[in-house]
Every structure is written in C-alpha cells, then in structure tokens.
Amino acid sequence: MGNNHKGFTLIELLVAMTVGLIVMAGVSVTYRSQQKSYLLQEQMAAMQQNLRAAMYHMEKEIRMAGCDPDHTANAQIVTANATSITFTKDIRGANEGSLPDGDTNDPNENITYYLNSGELRRNDPNGIGDQVIADNLSALNFVYLDQADTKLDDDGAGNVTASIARVRSVEITLLANTGRGDRGFQDNTVYTNQVGDTIFGPAGDNRRRKLLTTCIKCRNLGL
C-alpha cells in the first residue's frame, strides 16, 4: 500500500501564516483608527461642553452688570480690559434671599472674570473668593461697545478706562482647546474676535480648538 499521509506542506503553511498576519494587521489598523476617532470625538465633546458652560456663566452675570434698583449702590463696570472684566451689581441684601440693600458688598455682587494658565477664573471677594469655572482655554477676549455698537478702545489694545461709563454691550470671545493633542494634526490657525482683532495663534501645536463668541446687552447700564 502506498503512503496516504495528508497534511500541509511547508509552502502552504507559510502562505497561510502570511495571509493570517495580513488579516491581523488590517484588524489592528482598523481598531487603532476607530479608537483614535473615538478618543478625538470624546475630547471634542468635552471641549464644547466646557466652552458652553464657561460662556453661560459669564453671559448670565455680565448681563446684570450695573443692576441698581434703588440707584444708590453705584453699581457699574469697574474695569474693562481686553482680557478681564470687573463689574458690580446690587441684587440682594446681606442675607441670602433678601432684597437689594443699596450696596454691592454682598456675595455675587462684585465679580471679576479673567484667564489664568488656561483656566477661566471667577473672583467674588464678598463670597467664595476665587474659583475655577472652566479649564483648557487658550484665550479670553472682551470687546466693549457703546450705545451705537461702536467699539470703545482707549489705549489701542482693547482696554477701556476713560470711556468706561459709555459701555452698553460686551462682546465675549472664548477659545477652548482639547486636553490632549491629536498626533498628525497641527493648529496653524489665527483666531480673531468679532471685530477682527487677533486674540490667539498660530499655536503650531497639535491640539484641536474651537471658538465661541457672543454679544451681551447690559440692560442695566446707562439707566
């Protein structure tokens, strides 16, 4: 009887191993690509949520700048700089829930917003003090407008001092960045505010960024 041993030849085994390696490599590349896409989308979502939350806090409070029901508290915008703002308002008494009492010495009545090392900070000296509102921010910019929506700029750098009593609206521009870089991406964008002033860039790094801007009518100023 002749030999009838069935099996794989060395060439067949090598071909099978090569095909298997190619398939595994394809699966690995696909997995890594999908994982990178998922992480990027997660970072982008966190960045947008962070950006909206920061803008919400500032918009809500700056709109109330100058609130002075009894016209005795001298509530106003105190400092109007391109990268920070301080304002006062009379919205309560010494006790929480009490009516305005004619001063701006109570919690949440003397507020400063500014950017420090990528963190949006809110300072309330009469309340909880300095706190972080949002992080992973590349730029914060304020533009001040008068009754005719004309930009006020006393020093040519966006800061308003002599014309501060004429401020009626505040444009806020926030630039957020992802917490991690995106390998293979480079941000060479120059970011500007609503009036075309450069506020950041080009960074030249690999972080993704998103710009958000809004204009707030300070309904209590000039009354």
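Rules used throughout
- Residues numbered from 1 in each chain as written.
- Predicted model: local features only at pLDDT ≥ 70, side-chain atom pairs only at ≥ 80, totals over all residues.
- Heavy atoms only, no water.
- Helix = DSSP H or I, 4+ residues; strand = E, 2+ residues; numbered from the N terminus.
- Rg over C-alpha atoms; globule rule 2.2 N^0.38 Å.
- Buried < 20%, exposed > 50% of the residue type's maximum accessible area, 1.4 Å probe, protein only.
- Contact = heavy atoms within 4.5 Å.
- Areas by Shrake-Rupley, 256 points an atom, 1.4 Å probe, with all protein chains shown as cover.
- Lys, Arg positive; Asp, Glu negative; His and termini not counted.
- Charge placed at Lys NZ, Arg CZ, Asp CG, Glu CD.
- 1 Å grid on protein atoms, 1.4 Å probe; cavity = no way out; pocket = protein on both sides within 12 Å on 5 of 7 lines; lining within 4 Å.
- Points joined across faces, edges and corners; volume = space filled by probe spheres on them.
- Nonpolar A, V, L, I, M, F, W, Y, C, P; charged D, E, K, R; others polar.
- Salt bridge = Lys/Arg side-chain N within 4 Å of Asp/Glu carboxyl O.
- Pairing = 2+ DSSP bridges.
- Core = buried A, V, L, I, M, F, W, Y, C linked by side-chain atoms within 4.5 Å.
- Axes fitted to C-alpha atoms, helices over the stretch in contact; angles between N-to-C directions.

Caption draft 1: Representation of the overall build of the protein in the model. Counting its secondary structure elements, the protein contains one helix and eleven strands. Tracing the protein from N to C terminus, the helices and strands come up as α-β-β-β-β-β-β-β-β-β-β-β. The C-alpha atoms of the protein give a radius of gyration of 28 Å, which is well past the 17 Å a tight globule of 223 residues would have. The burial tally for the protein puts 35% of its 223 residues in the buried class. Pairs at least 24 residues apart make up 53% of the contacts formed inside the protein by residues separated by at least 6 positions. Here the protein has roughly 13100 Å² of accessible surface; of this, 51% comes from carbon and sulfur atoms. The averaged location of the 26 negative side-chain charges in the protein is 11 Å from the averaged location of its 21 positive side-chain charges.

Caption draft 2: How the structure looks around the layout of surface pockets. Approximately 270 Å³ is the volume attributed to the second largest pocket. Residues of the lining of the second largest pocket, tallied by class, amount to nine nonpolar, six polar and two charged.

Caption draft 3: Quick peek at the pattern of salt bridges. Under the criterion given, the structure shown has twelve salt bridges. For Arg208, the salt bridge goes to Asp182, with nearest N and O atoms at 2.8 Å. Placement of the pair is Arg208 in the loop between β10 (198-200) and β11 (209-217) and Asp182 in the loop between β8 (169-177) and β9 (191-192), with a sequence separation of 26 residues. Accessibility expressed as a relative area gives 26% for Arg208, which makes it partly exposed. On the basis of relative accessible area, Asp182 is assigned to the buried category, the value being 9%. Of the charged contacts in the structure, one is a salt bridge between Arg209 and Asp205, with a shortest N-O distance of 2.8 Å. Among the charged side chains, a network of salt bridges with common partners joins Glu61, Lys89 and Arg122.

Caption draft 4: Local environment of the pairing of strand β6 (residues 137-145). Where burial is concerned, most of β6 is hidden: nine out of the nine residues are buried. Bridge count for β6 against β8 is eight bridges, and the pairing is antiparallel. Bridge pairing links Asn141 to Thr173 in β8. One ladder, built from two bridges, connects β6 with strand β7 (residues 151-152); its direction is antiparallel. Looking at β7, one finds that Tyr144 is bridged to Leu152.

Caption draft 5: Expanded view of the nonpolar core. In this structure, Ile62, Ile77, Phe142 and Val170 are the most contacted members of the largest nonpolar core, which totals 31 residues. Looking at this core, the elements with two or more residues in it are α1 (10-62), β1 (77-80), β2 (84-88), β3 (110-116), β5 (129-134), β6 and β8. Considering every element that reaches this core, the biggest residue donor is α1, with six residues. The residues contacting Ile62, other than those within four sequence positions of it, are Ile85, Phe87, Phe142, Val170, Ile172, Ile216 and Cys218.

Caption draft 6: Main features of the sheet that holds β3. If you trace the five strands from one edge of the open sheet to the other, you get β1-β2-β3-β4-β5, paired in antiparallel fashion. For this open sheet the edge positions go to β1 and β5, each flanked by a neighbour on one side alone. Sheet twist, expressed as the average angle between the axes of neighbouring strands with direction ignored, equals 20 degrees. Examined bridge by bridge, β1 and β2 share three bridges and lie antiparallel to one another. Residue pairing for β2: Ala80 is matched across the bridge by Ile85.

Caption draft 7: Examining the side chain of Ser84 more closely. By secondary structure assignment, the location of Ser84 is in strand β2. When its relative accessible area of 15% is taken as the criterion, Ser84 is described as buried. Discounting residues that sit within four places of it in the chain, Ser84 has contacts with Thr79, Tyr113, Tyr114, Phe142 and Tyr144.

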